[in-house]
Each structure stands twice: as structure tokens, then as C-alpha cells.
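Below are the chains, spelled out letter by letter.
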Amino acid sequence: MGGAVSAGEDNDELIDNLKEAQYIRTELVEQAFRAIDRADYYLEEFKDNAYKDLAWKHGNIHLSAPCIYSEVMEALDLQPGLSFLNLGSGTGYLSSMVGLILGPFGVNHGVELHSDVIEYAKQKLDFFIKTSDSFDKFEFCEPSFVTGNCLEISPDCTQYDRVYCGAGVQKEHEDYMKNLLKVGGILVMPLEEKLTKITRIGPSAWETKKILAVSFAPLIQPNHADSGKSRLVHLPPVAVRSLQDLARIAIRGTIKKIIHQETLSKNGNGLKNPPRFKRRRVRRRRMETIVFLDKEVFASRISNPSDENNSEELEDERREEEETKPSELKPDPPVNFLREKVLSLPLPDPLKYYLLYYREK
């Protein structure tokens, strides 16, 4: 699946292409896609393909095409504070983007069949939290992953506001998937070769919308050959945050508000000075004339009085462009104002680093 949009040179250009093609349509989804670099979820030797609109698979590791993830994120209609269940959570790429939107008071769970992929997802999640420049711009709902077959979820599990299944769902499992939803919830899954959005509008009432044609590998059926018994998957409990954690969230939120107010004051209510562009010289082009005489054609150049000055003007312009080019191509590096504020607080260092989630930069 994929190939709907042009490849990008980097993550931002890929997102630009998805926006232009109307796969990304809302600001929240755009921010989440820009915050997490897709290439970070690829193995090093395959990163050259990260910004192509193509699915990628290596062993048990799998990523869907960017256009598919875009449609899924838009269809889920994510909001802060919701609960989300990702069936076939894979590398954790989608779960991490969802976590940026859910915020600190959401629930973010994933079920993955392969234990090696769970380990890979945890490594990528740890890398994002510790090193990403985007982490401090959001309050993150960290995903929790469990190993197991998503068709064997314990029947006493909690229901979710949003559910996504990343494998083709057979028709006989449609009701099973629907029952994972709360009333008012949204389920997105590949069903009968169509990416399908199902909204639970009542205890036994549903609205179904086909989004686009897709081709997914089917769900793997449970295998009870060894024991003859089902191995129930127990999802993580919905934990209540500690008072210490809530204090960290509140302090970080307050500092972000202060930074926002300072930025508004400095920039005059957020309106920055319009960019100044160098006024370009108007180049006078030489005029050419073609004279028809009987049946022959003669081409000649008519001299322009300003031609003598053209070469000097072009040379001056070239020199000026070279002088201004370095500053234009080297923008100031981004500043993490939240980190600077936290580190300047009159607090013990261990507490400062706790507020920063012990991030390395």
C-alpha cells in the first residue's frame, strides 16, 4: 500500500506532500506527524526509504504507508483525554503520534503479537522521549504495550474511546472488534479490503463509513495447538497518576504559559515583523529583431543603450547575493525555552531533571 504522494527529502517535506494531497487535513494531526520523524522507526540500513509513501516490512517489523496512517489519524478524530487501543501496535510509531494528541490524561495501550517487535517499540519510544526536540512541545501520553493475540483479549477488559486494528479483520470478527468500543467511540480497521470507520452511536447501534480501498495482511488466528487453551491477553490497568507526576505536569504547563506570554509580549501579540526581502534589480534583456527581405530571413541584434552597464550590474548583483547567502542558509538553531526555564529555577538538580523527564538534551 502507498505511493499516493511524492517522496520527500525529509520528514517535513513528506508531511507537506500529504497535506497537499489532502491526506492530512487537521492541525492536530499535522503537528503529531511533524513531531515524530518517521525515519527514527526504520532500521539504519533502510532509512533511505523512510520518506517514501510506501509500507515497509523487515522480519516481524512493519510500518504502513504514510498515506494510510494519515487517513487513520484523521478518521480517529482524536482529542485530549481519550482512551486509545492499538491492535497490532508494531513499532509504536502510530501509538506515539496518538500519545502527543491524547495528552497526559489519556490512555494509550497497544497489543502486539511478536515479543521482538514489542522490544523494538520500547527502544524507539525511549529514544523519542530522551532525544526528540519535539517532546517538550507536548504533554505526552506514553503508550504501554503488551504481548499477545488481539483476538484473545480478556472479556472483562475496559472499553475504549478509540480503537485501531492494523491488520485485515475477517467479517466473523467484526462484532468482537465493535465490543471493544465505548458508546460514542470510533473504531478504524481494514474490513473486506476497505479501511472502515465505525462509530458506536448506542449500545447496539452503529454507523459505518468506508474510507478507501486497502490491502492488509489478515489477522493471525489464535493457535491453541500447544495447550488447547486460550491465552487471554490482559490489557494494562488504567492507572491513576501519582501526586508527584501530577505536580510535574502542572509545573511544566505553567512554565509553558509563561513562555507563551513572554513570546507574545516580545513579538507584539505574536505578530512578528514581516520578513524583509532584498529588492531585485530589473534585468533589461537584449532585443532581437528578425528582418524579412524577399524570401530570405536575416536575424540581427539591436543594441540597447543600457547593454554596456548590464555586465557591471549583474556582477554587482552576484556579489551581493554571495554576501547575503550564508546568513540566509544558516538559521538560528531552535531554542528549548522550557528546558532553559526549568534549569534556571532555584531547585535542586535532581528535581530539575525530574521535571525534564531526565532527558539528555
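Residues numbered from 1 in each chain as written. Predicted model: local features only at pLDDT ≥ 70, side-chain atom pairs only at ≥ 80, totals over all residues. Heavy atoms only, no water.

**A closer look at the packing of aromatic side chains**
The test is simple: Only Phe, Tyr and Trp rings take part, Trp by its six-membered ring, and two of them pair if their centres are within 6.5 Å. Stacked means planes under 30 degrees apart, edge-to-face means over 60, and tilted covers everything else. The helix and strand labels rest on DSSP assignments: H or I over at least four residues marks a helix, E over at least two residues marks a strand, and numbering proceeds from the N terminus. Burial classes: relative accessible area under 20% of the type maximum marks a residue as buried, over 50% as exposed, and values in between as partly exposed (1.4 Å probe, protein chains only).
Within this structure, the stated rule accounts for nine aromatic pairs. Centre to centre, the rings of Phe 46 and Trp 56 are 5.6 Å apart; their planes meet at 50 degrees, and the pair counts as tilted. Of this pair, Phe 46 sits in the loop between helix H2 (27-35) and strand S1 (56-58) while Trp 56 sits in strand S1; the two residues are ten residues apart in sequence, bridging distant segments of the chain. Exposure remark for Phe 46: the relative accessible area of 24% places this residue in the partly exposed category. Their ring planes at 80 degrees and their centres at 5.3 Å tell us that Phe 135 and Tyr 357 sit as a pair that is edge-to-face. Of this pair, Phe 135 sits in the loop between helix H5 (115-131) and strand S5 (144-147) while Tyr 357 sits in the segment after helix H10 (349-355), and the two are 222 residues apart along the sequence.

**Some details on the nonpolar core**
For clarity, the threshold we go by: We call a set of buried Ala, Val, Leu, Ile, Met, Phe, Trp, Tyr and Cys residues a nonpolar core when their side-chain atoms join them within 4.5 Å.
Counting 55 residues, the largest nonpolar core has Phe 33 and Met 73 as the members making the most contacts within it. The next biggest cluster of nonpolar side chains, apart from the first, holds 23 residues, and it includes Val 111, Val 163, Val 169 and Leu 191.

**A word on the packing of helix H7 (residues 243-266) against helix H9 (residues 337-344)**
In a packed pair of helices, the relevant descriptors are the angle between the two axes and the axis-to-axis distance. Quick reminder of the rule: Lines are fitted to the C-alpha atoms to define the axes, a helix being fitted only along its stretch in contact, and any angle between axes, read from their N-to-C directions, falls within 0 to 180 degrees. By definition in this entry, angles of less than 35 degrees are roughly parallel, angles greater than 145 are roughly antiparallel, angles of 65 to 115 are roughly perpendicular, and the rest are oblique. Should the near helix be turned anticlockwise from the far one by less than a right angle, the crossing is termed left-handed; should it be turned clockwise, right-handed. In this analysis, two residues are considered to be in contact whenever any of their non-hydrogen atoms come within 4.5 Å of each other. Charged residues are taken to be Asp, Glu, Lys and Arg, nonpolar residues to be Ala, Val, Leu, Ile, Met, Phe, Trp, Tyr, Cys and Pro, and polar residues to be all remaining types, Gly included.
Following both chains from N to C, one finds H7 and H9 inclined at 115 degrees, their axes separated by 10 Å at the closest point. Regarding the angle of H7 to H9, the classification is roughly perpendicular. Of the two elements, H7 crosses H9, and the hand of that crossing is right-handed. Residue-level contacts link Arg 252, Ile 255, Lys 256, Ile 259 and Glu 262 of H7 to Phe 337, Leu 338, Lys 341 and Val 342 of H9. In terms of residue class, the contact of H7 with H9 is built from five nonpolar, no polar and four charged.

**Overview of the environment of Ile 249**
Considering the arrangement of structural elements, one finds Ile 249 in helix H7. Those residues in contact with Ile 249 that lie beyond four places of it in its chain are Pro 104, Phe 105, Glu 139, Arg 241 and Tyr 357.

**Topic: the confidence of the model for the protein chain**
Note the cut-off: pLDDT is a per-residue confidence score from the predictor, ranging from 0 to 100.
Counting all residues, the mean pLDDT for the protein chain is 85, and 79% of those residues have values of 70 or more. This stretch, residues 270-306, has a pLDDT under 50; its non-local contacts, to residues over four places away or in other chains, come to 34 contacts.

**Let's talk about the pattern of salt bridges**
The test is simple: Each reported salt bridge corresponds to a side-chain nitrogen of Lys or Arg within 4 Å of a carboxyl oxygen of Asp or Glu.
Scanning the model with the defined rule gives 18 salt bridges in all. The salt bridge partner of Arg 34 is Asp 12, with a shortest N-O separation of 3.0 Å. With Arg 34 in helix H2 and Asp 12 in helix H1 (residues 11-20), the pair connects residues that are 22 residues apart, well separated along the chain. The salt bridge involving Lys 171 is made with Glu 174; its shortest N-O contact spans 2.7 Å. Overall, the relative accessible area of 9% leaves Glu 174 in the buried class.

**A look at a nonpolar patch on the surface**
In plain terms, the rule: Exposure above 30% relative accessible area and the lack of any salt bridge qualify a residue for a patch; like charges then connect within 9 Å, and the nonpolar side chains Val, Leu, Ile, Met, Phe, Trp and Tyr within 5 Å. Each accessible area value is a Shrake-Rupley result obtained with a 1.4 Å probe; residue values ignore everything except the protein chains displayed when judging cover.
Taken together, Phe 105, Leu 243 and Leu 246 make up a surface patch of nonpolar side chains, about 330 Å² in accessible area. Here Leu 243 is to be found in helix H7.

**Things to note about the sheet that holds strand S8 (residues 194-202)**
Basically, it comes down to this: Here, strands pair whenever DSSP counts at least two bridges between them.
A sheet is described by the order of its strands in space; here seven strands give the open sequence S5-S4-S3-S6-S7-S8-S9, paired in mixed fashion. This sheet does not close on itself; its edge strands, each paired only once, are S5 and strand S9 (205-213). The mean inter-strand angle of the sheet, taken between neighbouring strand axes irrespective of direction, is 15 degrees. With six bridges connecting them, strand S7 (residues 181-191) and S8 associate as antiparallel partners.

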